[in-house]
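Structure at a glance
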Amino acid sequence: MFFFVYEMTHSPQSSALSGFLYSWAPYRFTDIFIRGALGEASAFLFLPLICWLIFSYYKYRKSSLLILIAICFFLLVLTHNLIAFFSLGVFLLLNLVLRSIYKVNWKDPVKVFGALVFGLLFASYFWIPALLEVKYINYVRGYGDINAQFLSWSSLIYSPWKYAYANPSHSGDTISFQIGLMHIGIVLISMAFLFLSQVFTKKSSNNIHRGLLFFFLLLTLLSTVFILDVVQPFYQLSSLFRIIGFPWRLLTFTVFGISLLGGLVLNYLPRGKAVVVLGIFCLTIYLYLPFAKIVSYAFTATDQEYFAMVKTNINFLPDMEFVPLTAQYLPLLEKQGPAREFSF
C-alpha cells in the first residue's frame, strides 16, 4: 500500500497514512484475530500490489510490469479465489480509468487485460475444478442462508466487539462488522473534499489525482452498499452471486478504498501533513487497540455435551462446508469415539 500511494502522490506522509489505515482496520482484526481467515487476510496483500503494478505500467510502459501483474494475479487466485473474482472487476475498472486519465489508445489497456487473463489461466487448475465441483459439497448449505448474512447501516457504524460466529441477524450474538469511526470519518471528508474541489477548482488542475480519488470513493461506496440488507434482491438474480457465502466479505474492498482515500486527500494539504498523520495515528490506535489482540480461552465439554451442542446447533458447529452432500456428518463425529487430548 505504501508504494502504491507513493507512486501516485510522491508523499511519504500520504503513503504512511494509507498503509496505516489499511493495516489498522477493524475488519482486518476480525479476519486475523477472530475468524482466523488466513486466505482472506493474505489476499489483502495483493490488492494494492496489483493496483500499484497497473498504475506503474501506465507511467513507465515496461513490459516486465505486465509479467509481474500476471504472476501476482495468479497468486491472488490461489490465495482466495472469491476475493480474486471480485478483484478482477476492480482491476479492469482501474485499467479503464487510467486509460481515460492518461488519454492513451486501447493498446495499453488490452495489454493489462491480457496480463490479468494470463494470470487467471495459469491458476485455472485451481479455480475451474472449484467452480465445477462446488455442487458436490456442502459449501452453500454449510454457510447457511445467505439472506441472514446481510448487514444494516447501524452495524457498520457500531456493533459490539465480540468473539463469536458471523450471525448478523442476531446482533447480540455475532462478530462485529464495524468499519471504524476513523475510517468513516475519512469517507465523509473525502466526499466533502471531492465536492468542493469540483466546485471551486479548475477542471484541469491535478486531474490524475481527482480521477483516482473519485474512482476509489465510488469503489468504497459500492462495496459498502452491496453488503446491506436492501440489496438482497440483487443476489437472487443468479446463483453465481450467492456463491460468495458472506456478502460482508466485500468489506475487504471498503477497507482498501478508504485507505487510499486517506492518502489521496492528505496529499492536497499544502503543509502540516506530518502533524495530521501523527494525530490520526494516535487517535486510531486509541480507538482500535482493544480490537487488535487475540483472546484465547479454554473450551471443555464432555462427549455428551459436545454432541448435544452439535445436534442442536447451539454454541458450536464444526465447519462442514467441504463435506460431500451424501456424507452423514453427525454419525462420522460419533464414530470417532471418546474425546482425546489434543484431538483437534
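A quick note: this is a predicted structure, and the numbers were derived from the prediction, not measured. (Residues numbered from 1 in each chain as written. Predicted model: local features only at pLDDT ≥ 70, side-chain atom pairs only at ≥ 80, totals over all residues. Heavy atoms only, no water.)

The next subject is the overall build of the protein chain. Of the regular secondary structure elements, the protein chain holds 19 helices and zero strands. Residue pairs at least 24 apart in sequence account for 71% of intrachain contacts in the protein chain once pairs closer than 6 positions are excluded. Accessible surface, the protein chain: about 18,100 Å² in total, of which carbon and sulfur atoms supply 68%. (Helix = DSSP H or I, 4+ residues; strand = E, 2+ residues; numbered from the N terminus. Contact = heavy atoms within 4.5 Å. Areas by Shrake-Rupley, 256 points an atom, 1.4 Å probe, with all protein chains shown as cover.)

One way to put it is that helix H6 (residues 63–79) packs onto helix H9 (residues 124–133) with a least axis distance of 9 Å and a crossing angle of 35°. The handedness of the crossing between H6 and H9 comes out as left-handed. Here H6 contributes Phe74, Val77 and Leu78 to the contact with H9, which in turn contributes Tyr125, Phe126 and Trp127. Here the residues of the contact of H6 with H9 are counted per class, giving six nonpolar, no polar and no charged. (Axes fitted to C-alpha atoms, helices over the stretch in contact; angles between N-to-C directions. Left-handed = near helix turned anticlockwise from the far one by under 90°. Nonpolar A, V, L, I, M, F, W, Y, C, P; charged D, E, K, R; others polar.)

Moving on to the nonpolar core. Counting residues in each nonpolar core, the largest one holds 83 residues, and the members touching the most others are Met8, Phe91, Leu212, Phe216 and Phe256. Here this core takes ten residues from helix H16 (residues 251–266), the largest share from any one element. Dropping the residues within four chain positions of it, Phe91 is found in contact with Phe46, Leu47, Ile50, Cys51, Ile54, Phe73, Leu76 and Leu116. (Core = buried A, V, L, I, M, F, W, Y, C linked by side-chain atoms within 4.5 Å. Buried < 20%, exposed > 50% of the residue type's maximum accessible area, 1.4 Å probe, protein only.)

Take the packing of aromatic side chains next. Applying the stated rule across the entire model yields 25 aromatic pairs. Centroid distance Tyr57 to Tyr58: 6.1 Å. Interplanar angle 80°. Geometry classified as edge-to-face. Since its relative accessible area comes to 2%, Tyr57 is described here as buried. Among the residues examined, Tyr58 registers a relative accessible area of 1% and is labelled buried. An aromatic cluster of at least three residues, connected via ring pairs, comprises Phe4, Tyr22, Phe44, Phe55, Tyr57, Tyr58, Tyr102, Phe215, Phe216 and Phe256. Over the ring of Tyr22 we find Arg28; its NZ or CZ atom is 5.2 Å from the centre of that ring. When the ring centre of Tyr60 is taken as origin, the NZ or CZ atom of Lys62, which lies over that ring, is 6.0 Å away. (Phe/Tyr/Trp six-rings, centres within 6.5 Å; stacked < 30°, edge-to-face > 60°. Lys NZ or Arg CZ within 6 Å of the ring centre and 35° of its normal.)

Before going further, it helps to examine the environment of Phe29. For Phe29, the position within the fold is in helix H3 (residues 26–35). When the C-alpha positions of Phe29 and Phe291 are compared, they lie 6.5 Å apart, and in sequence the two are 262 residues distant. Setting aside chain neighbours within four positions, we find Phe29 in contact with Ser23, Trp24, Ile34, Trp161, Tyr288, Phe291 and Ala292.

Here Thr224 lies in helix H13 (residues 207–225). Those residues in contact with Thr224, other than ones at most four positions away along the chain, are Trp153, Leu156, Ile179 and Thr254.

A few words now on unusual backbone geometry. Where the residue is not glycine, phi is negative for most of them; where a peptide bond is considered, it is trans in most cases. Positive phi, normally seen in glycine, also occurs at His10, with a value near 55°. The residue His10 is located in the loop between helix H1 (2–9) and helix H2 (12–23) in this model. Despite not being glycine, Lys103 has its phi angle at roughly 55°, a positive value. Structurally, Lys103 is set in the loop between helix H7 (81–102) and helix H8 (107–122). Classification of Lys103 by relative accessible area gives exposed; the value is 68%.

Two side chains with opposite charge may pair up if their charged atoms get near one another. Evaluated as defined, the whole model comprises five salt bridges. Two residues, Asp31 and Arg35, come together in a salt bridge whose shortest N-O distance is 2.7 Å. Placement of the pair is Asp31 and Arg35 together in helix H3, with a separation of four residues, close to one helical turn. Owing to a relative accessible area of 1%, Asp31 belongs among the buried residues under this scheme. For Arg35, a relative accessible area of 27% puts it in the partly exposed group. By sharing partners, the salt bridges in this structure join Asp31, Arg35, Glu40 and Arg249 into a single network. (Salt bridge = Lys/Arg side-chain N within 4 Å of Asp/Glu carboxyl O.)

Moving on to H16. Between its first and last C-alpha, H16 extends 23 Å over 16 residues, near the 22 Å set by a 1.5 Å rise per residue. Here H16 lies mainly inside the structure; 16 of its 16 residues are buried. (Expected span 1.5 Å × (residues − 1).)

Right, let's talk about a nonpolar patch on the surface for a bit. Taken together, the side chains of Phe113, Val117, Phe118, Leu121 and Phe122 make up a nonpolar region of the molecular surface, amounting to roughly 490 Å² of accessible area. As for its placement among the helices and strands, Leu121 is situated in helix H8. (Patch = residues over 30% accessible without salt bridge, like charges linked within 9 Å, V, L, I, M, F, W, Y side chains within 5 Å.)

What follows is about the confidence of the model for the protein chain. The predicted coordinates of low-pLDDT regions are not to be read in fine detail. Here the protein chain averages 81 in pLDDT, and 78% of its residues register 70 or above. Under a pLDDT of 50 for its full length, residues 312–317 has, in the predicted model, nine contacts with residues more than four places off or in other chains. (pLDDT = per-residue confidence, 0-100.)

As a further point, take the packing of H1 against H16. Running from amino to carboxyl end, H1 crosses H16 at an angle of 40°, the nearest separation of the two axes being 10 Å. In this view, H1 runs oblique relative to H16, as classed from their interaxial angle. Note on packing geometry: the crossing formed by H1 with H16 is right-handed. Residues Phe4, Val5, Met8 and Thr9 of H1 pack against Phe256, Leu260, Gly263 and Leu264 of H16. (Parallel < 35°, antiparallel > 145°, perpendicular 65-115°, else oblique.)

All right, on to the environment of Phe55 then. One can find Phe55 in helix H5 (residues 46–60). Residues Phe55 and Leu98, spaced 43 residues apart in sequence, show a C-alpha to C-alpha distance of 7.4 Å. Contact partners of Phe55, with chain neighbours within four places excluded, come to Phe4, Glu7, Met8, Leu98, Tyr102 and Leu212.

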